[in-house]
Structures are given as C-alpha cells and as structure tokens.
Amino acid sequence: MDNIIEKGERYFLHTYGRFPIVFERGKGVNLYDKCGKEYLDFFSGIGVNALGYGNEKYTKALHEQIDKLTHISNYFYTEPAVNAAEKLAEASGMDRVFFTNSGAEAVEGALKLARKYAYEKGKKDCTDIIAFKHSFHGRSIGAVSVTGTESYREPFGPLLPGVKFAEYNNIHSVYELVNDKTCAVILETIQGEGGINVADSRFFSDIRKLCDDNDIVMIADEVQCGMGRSGKMFAYQNYDVVPDVVTMAKGIGNGVPAGAFACKEKYAVLRPGDHGSTYGGNPFVTAAIDAVLDIFKEEKILDNVKEKGEYLYSKLEELMEKYDCIKEHRGMGLMQGLVYDGDVKAVIGRALDKGTVLISAGSNVIRFLPPLIITKRDIDKMISILEEAL
Ligand SMILES: *Cc1c(COP(=O)(O)O)cnc(C)c1O
C-alpha cells in the first residue's frame, strides 16, 4: 500500500487529509484494503453507498446497461432516464426532475431556477438568497457562496452577491434578513457536514410559511439527508412540509456520480437554453438510480433504517451516559452524531486501526453514516470498537 500512497501523494492535488489506507473492494457492509484487512463501514463513502457493497440486483443492472449504452446526451430519450425521473418524482413528491453529476451541480441548478422564477415574474432585482450558518452545499462557486463555513468561502471571493446567513433553527434570524429582494431560502433538512443538526419541526414549517407568504422559493438540500437516510425517502417527509425545490445526490446512485434537482410544476421555469449538462442523466447513471429505487422498495430499506436507526440511537445514548467526553447526541435515522470533547480525528484514527470506518462532521462531531442495510450486530460491533477508541 505504501507505494500506492506515495504515488498518490506525488500526483494528487493535496485537497484531502487522506488516511493511509488503500481500499480495494467491498462486500455487504464491509470494506477490504489492499492487504486484505477487513473494515466495518460506518461511513458509506460519505453517505453514498446506501446499499452497501455488491448488491446483486444493482450490479446486474449496471452490467446490463454497460453492454447496451452508457451515454448519448440529453438531446435524446433513454428508458433508464425516463424511468429514474418518474421514480424520483414519485418518491420526492415533486413534479419535474433535472439530472446532474453531483450535489454541487444540483445546488447550482436549484439556485439558477430560483433566480429565473423571480426573473419571469418581472422582478429582475429579486436575486438575494438566504442560507444558514454551518450549512454545506458543495464546492462550486455558487454552492460555496451559500455554504455557511467562512473558511470555505473566504479565499474564493468575490462570490455570489446577496447571500445572507441566518441561524439554523432560529426563525427570527431569518425574518430579520428577508426583504423584497429575497428570491430563495436554501437549507438542509438535517445539516450534515456542519455537525448533524436536525431542523426543528416548528422552524421548518415557519420557513415554509415565510416562503409562501412572500413567494420565495424554498429549496431543501437533501443531498446527504435524503434517499432514505432519515427513515423516510426524503427527510422533509418527517415534517408536514413540502419544499418547492429539492436537491439530491450522494445516495441516489449508490456510487455512480449522480445528482438531481426536482421541483413542483409551478417552478418549472428552466427552458431550452437555460440549463443543461452533457453527462447529467446519462443511461448508465440513471440505470443505477432506477435500480436503487427498485431495491429500496423490494428490500424494504426504509423499514431497516427506522429499526436500526432507533437501535443506533439507543446505543449512542448509552454511550453518552457512560462517557463524560461525549457532550451531546444528535440526529435521525442512520444519520447521527456525537459531540466529542477532545480530538475527534484521533478517535476516528484509532477506530480505523481497529477496523471500523467512521467520519467526522463540523469540528467536534463523530458522524455515523452506515450503509442503510446495517444490522444490529454490526451496530454492536461498531459500538464496542468505538468504546475502545474513546
Ligand atoms: C455533499 C453535499 C453536497 C455536495 O455534493 P457533491 O456531490 O460533493 O458536489 C451538497 N449538499 C449537501 C447537503 C451535501 O452533504
């Protein structure tokens, strides 16, 4: 592994503090490095590998599509793209879908849509966006402009003008920032990278009402918390609230680069020439999305998330009772976090040595994002390794 790591260090742009492991394959919820060491995965490639590794139906769908056609462009129709769009619209309660290659691109598209919506109303100077502190929306210039971590934005200015950051779960901080130039509010239903912050039910419905009252586009960024991770297909379905636009990615392709934004009919204002993507929604990627959505139903993935999410919740509560260094426990479904008073990176490093892959969030949160097929035994195993690491 050392030779590979050395070569990587020589040629990669150093944008990641990588762990010194070369992964080679996966099976179920386990990963194997190049030396054959087994790891239990509580990370899912940052919430992407929802179905774990080697799901037979998924792999078969990809193989079959590779043999037929991997790419053709959006100037034509393909069956996988049409089927995936129908299933995503049904699952999200939205009417129309645009496929992207990543979460950041989904966010870009959603922001363009919101601006165009105001533009079509004749409100050309209604261009401002309200986002939230501790949010994460991606790394492109538009997405980073609405990301609530200053160090991610600062070196790359000037960014999108007119972006203001409110306090998450504080509706009054939003009221203070809204004016007749506001075209959109963008928020994660559960903040992921920022440290696993779950939207209060009241806050979320107050945002909905504010947007309704002022004809502002409500964008729910479900790139991380969507696709079953919260126990519902999309996290906003845990609330009695339907956003106007939803962004998705990570889990929807289970490993192929897939994203999408979807909207209600009223907001379908992007027309030929307004937006596009060469690869977005190509038949290879949409065959994956289509298969993932079928597998979710057939293998009752949501039921597993609910059951194992509750089990993980109770186990992490016990851990918090037991250890003073754990200050708080947050999250929902199979997206949870422990606020740790100490060196999070060191704990994660020790867990990795002992064969469990975990991930951090924010500056002090140990994040749990296992594949959605996890079992109670896997959870017990992770907990005992985490205890040793603590
Ligand atoms: C990961 C993430 C993104 C960015 O997705 P990429 O595929 O990395 O561009 C956007 N929003 C949220 C909530 C995310 O977690």
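In this text, all values refer to a predicted model and were calculated from it rather than measured experimentally.

1. As for empty space enclosed by the protein
All chains considered together, the criterion is met by 1 cavity of 30 Å³ or more. Its boundaries defined by the atoms lining it, the largest cavity holds a volume of some 30 Å³. Taken together, Gly 47, Ala 50, Val 223, Gln 224, Gly 226, Met 227, Arg 229, Gly 251 and Leu 372 form the lining of the largest cavity. The class makeup of the residues in the lining of the largest cavity is 4 nonpolar, 4 polar and 1 charged. Two domains each provide a minimum of three residues to the lining of the largest cavity, namely domain 1 (2-54 + 300-389) and domain 2 (57-298).

2. Some thoughts on the layout of surface pockets
In this model, the second largest pocket occupies a volume close to 1100 Å³. Forming the boundary of the second largest pocket are 38 residues, of which Asn 74, Val 97, Phe 98, Phe 99 and His 275 lie nearest the centre. Elements that contribute at least two residues to the lining of the second largest pocket include exactly α4 (79-92), β4 (96-100) and β12 (259-263). Partitioned by chemical class, the residues of the lining of the second largest pocket number 22 nonpolar, 11 polar and 5 charged.

3. A look at a nonpolar patch on the surface
On the surface, a cluster of nonpolar side chains totalling about 470 Å² of accessible area is made up of Leu 69, Ile 72, Tyr 75 and Phe 76. Relative to the elements of secondary structure, Tyr 75 occurs in the loop between α3 (56-68) and α4. Relative accessible area serves as the criterion here: at 76%, Tyr 75 is assigned to the exposed category.

4. Section: the site of the ligand
With respect to spatial proximity, the complete set of residues near the ligand consists of Ser 102, Gly 103, Ala 104, Phe 136, His 137, Gly 138, Glu 188, Asp 221, Val 223, Gln 224 and Lys 250. Contacts to the ligand include Gly 103, whose backbone N or O atom sits 2.8 Å from an oxygen atom. Compared with its free state, where it exposes 380 Å², the ligand has 81% of that area covered by protein. Looking at the shell around the ligand residue by residue, the class counts come to 3 nonpolar, 5 polar and 3 charged.

5. Some remarks on the packing of aromatic side chains
Within the structure shown, the criterion is met by 9 aromatic pairs. When the centroid spacing of 5.2 Å and the interplanar angle of 25° are considered together, the rings of Phe 98 and Phe 261 count as stacked. Here the residue Phe 98 occupies a position in strand β4, and Phe 261 occupies one in strand β12, the gap between them amounting to 163 residues. Aromatic side chains Phe 234 and Tyr 236 sit 5.9 Å apart centroid to centroid with 15° between the ring planes, which places their arrangement in the stacked category. Assigned by exposure class, Phe 234 and Tyr 236 land together as buried. An aromatic cluster of at least three residues, connected via ring pairs, comprises Phe 132, Tyr 168 and Phe 203. Across the ring face of Tyr 32, the terminal group of Arg 25 is positioned such that the distance to the ring centre comes to 4.3 Å. The lysine or arginine in question, Arg 139, covers the ring of Tyr 152, its NZ or CZ lying 4.1 Å from the ring centre.

6. A word on the domain arrangement of the protein chain
Looking at the assigned domains, one finds that the protein chain contains domain 1 (2-54 + 300-389) and domain 2 (57-298). Domain 1 puts 30 residues into the contact, and the matching count from domain 2 is 30 residues. Considering only the surface of domain 1 that becomes buried against domain 2, Leu 51, Met 332 and Met 335 emerge as the three largest contributors, covering 29% of it. Joining domain 1 to domain 2, the criterion identifies 1 salt bridge. Glu 193 is the partner of Arg 367 in a salt bridge, and the nearest nitrogen-oxygen pair spans 2.9 Å. The interface formed by domain 1 and domain 2 contains 13 residue pairs in polar contact (both at pLDDT 80 or more). Listing elements by their share of the side of domain 1 that touches domain 2, those giving two or more residues are α2 (44-47), α11 (301-322), β13 (326-332), β14 (335-340) and β17 (365-368). With 4 residues, α11 is the single largest residue contributor to the side of domain 1 that touches domain 2. Class assignment of the residues belonging to the side of domain 1 that touches domain 2 gives a composition of 16 nonpolar, 10 polar and 4 charged.

7. Details of the environment of Ile 4
Within the fold, Ile 4 resides in helix α1 (residues 2-11). When its relative accessible area of 41% is taken as the criterion, Ile 4 is described as partly exposed. For the pair Ile 4 and Pro 20, spaced 16 residues apart in sequence, the C-alpha to C-alpha distance is 9.8 Å.

What counts, and where the lines are drawn
- Residues numbered from 1 in each chain as written.
- Predicted model: local features only at pLDDT ≥ 70, side-chain atom pairs only at ≥ 80, totals over all residues.
- Heavy atoms only, no water.
- 1 Å grid on protein atoms, 1.4 Å probe; cavity = no way out; pocket = protein on both sides within 12 Å on 5 of 7 lines; lining within 4 Å.
- Points joined across faces, edges and corners; volume = space filled by probe spheres on them.
- Nonpolar A, V, L, I, M, F, W, Y, C, P; charged D, E, K, R; others polar.
- Domains from an automatic or database assignment.
- Helix = DSSP H or I, 4+ residues; strand = E, 2+ residues; numbered from the N terminus.
- Patch = residues over 30% accessible without salt bridge, like charges linked within 9 Å, V, L, I, M, F, W, Y side chains within 5 Å.
- Areas by Shrake-Rupley, 256 points an atom, 1.4 Å probe, with all protein chains shown as cover.
- Salt bridge = Lys/Arg side-chain N within 4 Å of Asp/Glu carboxyl O.
- Buried < 20%, exposed > 50% of the residue type's maximum accessible area, 1.4 Å probe, protein only.
- Near = heavy atom within 4 Å.
- Polar contact = N/O pair within 3.5 Å; in protein donor to acceptor, adjacent residues only side chain to side chain.
- Phe/Tyr/Trp six-rings, centres within 6.5 Å; stacked < 30°, edge-to-face > 60°.
- Lys NZ or Arg CZ within 6 Å of the ring centre and 35° of its normal.
- Contact = heavy atoms within 4.5 Å.
- Buried area = accessible area lost by both parts, 1.4 Å probe.

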